[in-house]
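# Summary of structural features
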Amino acid sequence: MLTKYTLKTKILQLLFLFGIGVIYTSCTKTIIAPNPVIKPVPVPPTATADLRDTLANLASVFYLWNNNIPANFAPHTYSATDNLDGELSALKAFSPLNSVTGNHYDHFSFILTEADYQKEFVQGVSTSFGVGFAFDRNDTLRVNYAAHASTAYAQGVRRGWKILAINGIKVATDANTLSQLNTALGGSSASFSFQIPVSNTNQTLSITKQDIPDDEVITTKVFKAGSKTVGYIAYNTFLTQLNKSGVPIHPGMDSSFANLAKANITDIVIDLRYNGGGYTLVSEQMDNALLPASADHQVLYTEHYNDTLNKYYKLGYKNVDHDTTININEANVANPAKLNVNSVVFIVSDNTASAAELVINSITPYFNGNVKLIGLGLGRDKQYQNTAGKPFGYAGQFGLPAAKPILEAFLINFETKNSLGVDNYVSGFVPDAQVHDGVEFDFGDPREDGLAKALSYESTNSLAYTTRSNQLAIGRFANPSGGAGLAMNPFINNHRFQGMISRSGTASAAKKNFIYQNTIQGKIRPINTIIHH
């Protein structure tokens, strides 16, 4: 338990759906008010130094839905030896319930070890083969992503390659074969038998798992669509590099936007199909480069915290996170090159989350209906597919140094709204059209279904196939025991990093555990498990 808890020095906020919110350093420090007067935020004292009490105390102050936690919540009901997973699951159940999906709003808060945090979110690497897998519309297993820094990519592996066998086990979709394939992928190395498209030649490669950084940008292209010059960027993550001061930078976006600006594009397609989120600061700077000059200095979005933190701020705790307005700033020197575009088309999936959704929500009010979403919902037993639905983020990373090993807790503690106050997408944004994820083709190939539909729209200003009429999702303060909402694709993978990290926290993100769960589509990032639905 904690007898006293003080806020940690804030380095940088992060916003995620993989994406996350604000983050603090691991060592606790008192907040110095302008006086200066030391004013630590009070947390209810507990009787022992038990980590379960510590987590409960943190949630009572910082959790977005802390008012829903009952006074008689008993943390000692849960195990102290499971990295607090049981207690955290119980706390997340106090967030509102989406009665249509059956999910609580919070299926994103997480806890991980300090070692995993340092590796995955400070160093920015994850251990994998560097290759993602997806079944295509014909149930052929293909590579859906090859990380540029991987040995697989160096050996020529690309999206669209067929996988014929793994460790000699021929690919099939029955449960027994899939179990064997997943067992093979659980090792530190594996032999992959590929068939290369076009040439139809077979190649067997031995690939060993390694620590691989994320690709910020996969590719950038320019196309002609009727009278328009259309730029295309496959933007993989807003969880970008940090400079020496701990501030996120985005060299991939900078280079891509500079090239698109030189090409004098009139419209843009932004491929966020596998983008799980990242730093809100990076999403803001992308928005600044996309928005028309007439929008400068207007509201981009707002962050909303619980009543407890807002009360402390009003009482003089000035370093406490509180409701905040972020304005458009087109003069920010950290922005990428300015693009003068008339329309923006986003390619999205149920993996598009948090900071990626924040970009969509923030710019929509300023484009007069010229923001469109192409979803990848076909092919999963013909299920419709919304984006992930995470207008929430983590404004703090709370170190639990007494744990062995040391743990880092990330609790949802803020929500975002755009300039019109829109935050009702907890079941995801409804795409304007649904197509297949064309894993047969590489990113930027105009034959790929998502890009082909986007270019068709830019050429004709018409989307031939539209989805159901838009439905309202639940607001964040709905009754936690029920409410109405828009059905989200049931195959969403809740184990993938999805989130936002707010503007003033340290580097962090949601757990990068890419489990290929109940879907024939897949993830852009390297995965080590296959499950066919």
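Attention in this report is confined to the structure presented alongside it. (Residues numbered from 1 in each chain as written. Predicted model: local features only at pLDDT ≥ 70, side-chain atom pairs only at ≥ 80, totals over all residues. Heavy atoms only, no water.)

Okay, the pattern of salt bridges next. Here the structure, examined in full by the defined rule, presents 12 salt bridges. The partner of R447 in a salt bridge is D445, and the shortest N-O contact between them spans 2.8 Å. Since its relative accessible area comes to 15%, D445 is described here as buried. Taken together, the salt bridges that share partners define one network made up of R159, D271, R273, D437 and E448. (Salt bridge = Lys/Arg side-chain N within 4 Å of Asp/Glu carboxyl O. Buried < 20%, exposed > 50% of the residue type's maximum accessible area, 1.4 Å probe, protein only.)

With that settled, consider the pairing of strand 6 (residues 131-135). Most of strand 6 is tucked away: 5 of the 5 residues are buried. Burial along strand 6 is two-sided: the residues V131, F133 and F135 and G132 and A134 are all buried. In sequence, strand 6 turns back onto strand 7 (residues 141-146) through a hairpin of 5 residues, with D139 there showing a positive phi of about 60 degrees. (Helix = DSSP H or I, 4+ residues; strand = E, 2+ residues; numbered from the N terminus. Pairing = 2+ DSSP bridges.)

This part takes up the sheet that holds strand 13 (residues 217-225). Strand order in the open sheet formed by 6 strands is 13-14-15-19-20-25, and the pairing between neighbours is mixed. Of all strands in the sheet, those with a lone pairing partner are strand 13 and strand 25 (433-436), marking the two edges. Pairs of neighbouring strands in the sheet enclose a mean axial angle of 20 degrees, with direction left out of account. Across the sheet, helix 10 (residues 449-460) is in contact with strand 13, strand 14 (228-235), strand 15 (267-271), strand 19 (344-348), strand 20 (371-378) and strand 25; its angle to strand 25 comes to roughly 140 degrees. (Axes fitted to C-alpha atoms, helices over the stretch in contact; angles between N-to-C directions. Contact = heavy atoms within 4.5 Å.)

A word on the sheet that holds strand 21 (residues 392-393). The strand order across the open sheet formed by 4 strands is 18-17-24-21, and the pairing between neighbours is antiparallel. If you trace the sheet from one side to the other, it starts and ends with strand 18 (324-327) and strand 21, each paired once. Summarising the sheet, strand 17 (residues 299-304) and strand 18 pair through 4 bridges and their orientation is antiparallel. Pairing of E303 across the sheet is with T324, part of strand 18. Running over the sheet, helix 9 (residues 355-363) touches strand 17 and strand 24 (414-418) and is turned about 35 degrees from strand 24.

For the rest of this paragraph, the subject is the nonpolar core. Counting 83 residues, the largest nonpolar core has Y235, F238, I268, I270, M286 and F346 as its most contacted members. Setting aside anything within four residues of it in sequence, one finds F238 in contact with L272, N275, G277, G278, Y279, V282, S283, M286, A355, A356 and V359. Counting residues in each nonpolar core, the second largest holds 25 residues, with A134, I212, V435 and Y457 among its members. (Core = buried A, V, L, I, M, F, W, Y, C linked by side-chain atoms within 4.5 Å.)

A negative phi angle is the norm for most residues apart from glycine, just as the trans form is the norm for most peptide bonds. In this structure, P405 follows K404 across a cis peptide bond, with omega equal to 0 degrees. Along the polypeptide, P405 turns up in the loop between strand 22 (397-400) and strand 23 (407-410). Of note, N167 is a non-glycine position whose phi angle comes to about 55 degrees, a positive value. Looking at where N167 falls in the secondary structure, it is placed in the loop between strand 8 (162-166) and strand 9 (169-170). Positive phi is not limited to glycine here, since V198 has a value of about 70 degrees. Its place among the elements puts V198 in the loop between strand 10 (189-196) and strand 11 (201-208). Residue class for V198 comes out exposed when judged on its relative accessible area of 85%.

Attention now goes to the side chain of E303. Within the secondary structure, E303 is located in strand 17. For E303, the side chain forms a polar contact with the side chain of Y305, separated by 2.9 Å. (Polar contact = N/O pair within 3.5 Å; in protein donor to acceptor, adjacent residues only side chain to side chain.)

Turning our attention to the pairing of strand 14. Counting buried residues in strand 14 gives 8 out of 8 residues, a clear majority hidden from the surface. Along strand 14, one buried face is formed by K228, V230, Y232 and A234 and the opposite face, lined by T229, G231, I233 and Y235, is buried too. Bridging between strand 13 and strand 14 involves 8 bridges; their strand directions are antiparallel. Within strand 14, the residue paired with T220 across the bridge is I233. Linking strand 13 to strand 14, which pair antiparallel, is a turn of 2 residues; within it G226 sits at a positive phi near 65 degrees. Bridge analysis of strand 14 against strand 15 gives 5 bridges, and the strand direction is parallel. Paired with Y232 across the strands is V269, a residue of strand 15. Running through helix 6 (residues 251-262), the crossover from strand 14 to the neighbouring parallel element strand 15 is right-handed. (Right-handed = clockwise from strand over helix to strand, strands pointing away.)

By themselves, these are just geometric observations and shouldn't be taken as functional.
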